[in-house]
Amino acid sequence: MVTKTKVYIKYMVSLRCKLVVRSELDRLGVPYGSVELGEVELPEGITEEQRAQLGSALMKSGLELMADNKSKLIEKIKNVIIELIHYSDEQLKINFSQYLSETLHYDYTYLSNLFSEVQGTTIEHFIIAHKIERVKELLVYDELTLTEIAYKLHYSSVAHLSNQFKKVTGLTPSHFKVLKEKRRRGLEEI
């Protein structure tokens, strides 16, 4: 039996993951609509056999089909955060909790409790971890000043960004940048 459906995929967090999923769907001859972080729209649905084949193929790439609704919602929370922090230049007019609540159409308290229960960490810590990774990436690119990075990632000030960065990494942003430059020069000399 074939029905129109959405397929939810765990650990799908980058553009490369989207390419892997598209490639596997093409290989299996499964028509698809949109491929977003964590979900794929299948206009013609998918048979159980195709689902099993897709699941097996995705596992080889470190991805996993999801079945239960709580897992799907957790992945949606992660993907909204990752999309906003790593791939969007949108400046939020509201705080993260309100944004998540409005985007996912759930009360934030429910989302927060579910996330903590399943992940063993808070949404706030997940956001901070991704913001710090994004700061590292932007520091290495060396295209933006620390002030521009703070603004881009919704920090209230450069001091707030610097304090959070040091708390998470043990380094100041400028020390991190110096270490990366030294390491990069070292590799180029090889």
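Please refer to the structure higher up on the page.
Residues numbered from 1 in each chain as written. Predicted model: local features only at pLDDT ≥ 70, side-chain atom pairs only at ≥ 80, totals over all residues. Heavy atoms only, no water.

Draft legend 1. Fine view of empty space enclosed by the protein. Considering all chains together, one arrives at one cavity of 30 Å³ or more under this definition. Considering only enclosed or pocket space, the largest cavity measures out at about 50 Å³ in volume. Its residues assigned to classes, the lining of the largest cavity shows four nonpolar, two polar and two charged. (1 Å grid on protein atoms, 1.4 Å probe; cavity = no way out; pocket = protein on both sides within 12 Å on 5 of 7 lines; lining within 4 Å. Points joined across faces, edges and corners; volume = space filled by probe spheres on them. Nonpolar A, V, L, I, M, F, W, Y, C, P; charged D, E, K, R; others polar.)

Draft legend 2. A look at the pattern of salt bridges. Inspection of the entire model under this criterion finds eight salt bridges. When the shortest N-O distance is used, the salt bridge between E39 and K6 registers 3.0 Å. Pair noted here: E39 is in strand β3 (residues 39-42) and K6 is in strand β1 (residues 5-10), with a separation of 33 residues, a long-range link. We classify E39 as buried; its relative accessible area is 17%. One salt bridge connects D142 with K177, and the closest N-O pair in it is separated by 2.4 Å. Residue D142 is found in the loop between α6 (123-141) and α7 (146-152), and its partner K177 is found in helix α9 (residues 173-189); the two are separated by 35 residues along the sequence. (Salt bridge = Lys/Arg side-chain N within 4 Å of Asp/Glu carboxyl O. Helix = DSSP H or I, 4+ residues; strand = E, 2+ residues; numbered from the N terminus. Buried < 20%, exposed > 50% of the residue type's maximum accessible area, 1.4 Å probe, protein only.)

Draft legend 3. Main features of the pairing of β3. With four bridges joining them, β1 and β3 adopt antiparallel strand pairing. In the sheet register, V7 faces β3, and the bridge partner there is V40. Of the pairings in the sheet, the one linking strand β2 (residues 35-36) to β3 comprises two bridges and is antiparallel in character. Bridge pairing links V35 to V40 in β3. What sits between β2 and β3 in their antiparallel hairpin is a turn of two residues, with G38 showing a positive phi close to 90°. (Pairing = 2+ DSSP bridges.)

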